[in-house]
Each structure stands twice: as C-alpha cells, then as structure tokens.
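# A structural walkthrough
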Amino acid sequence: MAIVLLDECHSGVNNWLNLWRVDALSENIAYLKKLVFLGEGAVGKTSLVGRYVYDSFEGDYLATIGTDIHVKMIQVEDDVLVKLVIWDIAGQDDFAQLRKAYYVNSSGAFFVFDTTRPETIERVDEWIDALYDVTGEIPLVLLENKVDLETAISKENIKKLVHKYKVDLIRTSAKEDTNVEKAFKKMTKEILRRARIQRRKPI
Ligand SMILES: Nc1nc2c(ncn2[C@@H]2O[C@H](COP(=O)(O)OP(=O)(O)O)[C@@H](O)[C@H]2O)c(=O)[nH]1
Ligand SMILES: [Mg+2]
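Numbering of residues begins from 1 in every chain and follows the order in which that chain's sequence is written. Here the convention is simple: chains get letters from A, ligands get numbers from 1, in the order in which they are written. The model is predicted, so local features are restricted to residues of pLDDT at least 70 and side-chain atom pairs to those at 80 or more, both for listing and for counting; the totals for chains, interfaces and linings are taken over all residues.

Attention shifts here to the overall build of the chain. For helices the rule is a DSSP run of H or I covering at least 4 residues; for strands it is a run of E covering at least 2, with both sets numbered from the N terminus onward. Scanning the chain for helices and strands turns up six helices and eight strands. For the chain, the sequential pattern of α-helices and β-strands runs β-α-β-β-α-β-β-α-β-α-β-α-β-α. Looking at the chain residue by residue over its 203 residues, the buried ones come to 30%. Each residue is represented by a C-beta atom placed from its backbone, and any two residues with such atoms within 7 Å are regarded as in contact. Considering only contacts within the chain whose residues lie at least 6 apart along the sequence, 74% involve residues at least 24 apart. The burial criterion counts other C-beta atoms lying within 10 Å of a residue's C-beta, which is placed from the backbone; the residue is buried at 20 or more, exposed at 12 or fewer, and partly exposed between these limits.

Now the structure itself:
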C-alpha cells in the first residue's frame, strides 16, 4: 500500500485526498510537484518540455499562447515517484500579468536562456524577483539552451549569474537531447531534499 502525499498548496479537493490511502502505486510514495519555466520568448522553453515529456522536437517556432500544462511521472529514488506538473507559459511581455498567477504553488523553476542571444539574460533579475515575490525562495536551475549552436554569451557573464543566485547551471539542447533529462532529475531531487528539510522544521 502506498500513500500519496500532495502539497498542501494544491486545490481543496486534493486536501481531502491527503487523508486517503491509495493502492495504485504499490510500495511507492508519490509526490505531486509543480514546476514552472521562466525566460524570454523563443529561448526553447516549449521545446525543452516537449523533449522531456514527449521525447519530440518540433523545428518550427510556434509561440506559446497563454499556458500549457504537461504531466510526467519521474522516479528519482528507488521507492519515490514524483508526478511533475509542468507549466509552460508564454515569454512575451503581453503575458506578464498572467505570469504571477502562474507562479503560485510552484515547487521549482527553470530559467531558460538562449546561448546564441545575450539579450536573453538581460532581464534575469526581473524574472527571478517576480517569481520569488510569489513563491519565496524555491529551487531554481538555470538552463543555457541551444548549446548545439555557437554561443554568443561570455563565460564570465554566466559565472556571475550562477554566483549571484547560487544556482546550478545546466547546458542543454532540446534539439539534440543534451542534458534535458538530467535537468529535470536534478530539479526534482532538489525539490524533494528541500521538502524533507521543511517537514523536519518545528512548527
Ligand atoms: N538549435 C536549437 N534550436 C532550438 C533548441 N530549442 C529550441 N529551439 C528552437 O528555438 C525556437 C523557439 O523554441 P520554443 O521552444 O518555441 O521557445 P519558447 O518560446 O521559449 O517556448 C524554435 O524554432 C525551436 O525549434 C535547441 O536546443 N537548439
Ligand atoms: Mg513556448
């Protein structure tokens, strides 16, 4: 018999589910965790999600309208299953208002930038401040995407970012499937680690 642990922050319907014992996942403990993707338009957010969830890559650029939500189960430890609910939101300014609502209840976030376009790290502070305003400090991983192409951002600038936010940086290519799975694994492990620390804190 397994127990499904749901974040207290998910909907009221889920709260009462907390009390239920669920047989479906024999022996495994499952968590439900929401992840959000941050970053400017066309950096590869939708492609990274597509690569991870569906193992596919679409060469054409189709701007995300509003938000798309995807679900994937991930097993990061022998007996721990995590259901990731991945929110992919439009990066364009028109959607800035919507974004704050989209951060609510997130357990972790990826900030994606495009290694061929230095301007995609210019507003990183704005993105991260807006996120932390809503969520507080949550696990954050920087994804330097499109590493199959030639980089136009100096190593120094990237180092500064990593240092400033004390986060991991993973160099990805959604196109060539480089480090995509690794990024999600790392994020999920960090979320679980922090969740366990939180649970041990005295009330
Ligand atoms: N070469 C290359 N192109 C990519 C990669 N990831 C995304 N793209 C392309 O970049 C464009 C924007 O990607 P998309 O995922 O829609 O970006 P989003 O706006 O951040 O969601 C599309 O034409 C993708 O095919 C990558 O890793 N390498
Ligand atoms: Mg998109």
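Once you've had a look at it, read on.
Further remarks concern the pairing of strand E5 (residues 80-89). Strand pairing requires that DSSP identify at least two bridges connecting the strands. Here 10 bridges tie strand E4 (residues 67-77) to E5, and the two strands are oriented antiparallel to one another. Looking at E5, one finds that methionine 73 is bridged to lysine 83.

Where helices are involved, their axes are fitted lines through C-alpha atoms of the stretch in contact, as for all axes, and angles between N-to-C directions lie from 0 to 180°. One can describe the packing of helix H2 (residues 45-54) onto helix H6 (residues 180-200) by two numbers: an axis separation of 9 Å at closest approach and a directional angle of 85°. Judged by the angle between their axes, H2 and H6 are roughly perpendicular. Facing Leu48, Arg51 and Tyr52 of H2, the residues of H6 in contact are Val180, Glu181 and Phe184. Along the lines of polarity and charge, the residues of the contact of H2 with H6 split into four nonpolar, no polar and two charged. Note that the term roughly parallel is reserved for angles under 35 degrees, roughly antiparallel for angles over 145, roughly perpendicular for angles of 65 to 115, and oblique for everything else. Under this grouping Gly is polar, as are all residues other than the nonpolar Ala, Val, Leu, Ile, Met, Phe, Trp, Tyr, Cys and Pro and the charged Asp, Glu, Lys and Arg.

Another point: the confidence of the model for the chain. Confidence per residue, as judged by the predictor, is encoded in pLDDT with a range of 0 to 100. Mean pLDDT for the chain: 84, with 77% of residues reaching 70 or above. Segment residues 1-26 is flagged for pLDDT under 50; beyond a separation of four residues in sequence, or across chains, it makes 28 contacts in the model.

Now for the nonpolar core. Grouped together as the largest cluster of nonpolar side chains are 36 residues, with contacts concentrated most on Phe110 and Phe111. Looking at this core, the elements with two or more residues in it are strand E3 (29-38), H2, E5, helix H3 (96-103), strand E6 (108-114), helix H4 (124-135), strand E7 (140-145) and H6. Setting aside chain neighbours within four positions, we find phenylalanine 111 in contact with Leu38, Gly39, Val124, Trp127, Ile128, Leu140 and Leu142. Buried Ala, Val, Leu, Ile, Met, Phe, Trp, Tyr and Cys residues form a nonpolar core when they are connected through C-beta atoms within 7 Å.

This part covers helix H5 (residues 155-165). Counted residue by residue, H5 has zero buried out of 11 residues, so it is predominantly exposed. Downstream of H5 by a residue or two, lysine 166 has a phi angle that is positive, lying close to 50°.

Non-glycine residue alanine 42 carries a positive phi angle of around 70°. Looking at where alanine 42 falls in the secondary structure, it is placed in the loop between E3 and H2. The class for alanine 42 is partly exposed, based on 16 C-beta atoms found within 10 Å. Despite not being glycine, lysine 146 has its phi angle at roughly 70°, a positive value. With respect to the element layout, lysine 146 can be found in the loop between E7 and H5.

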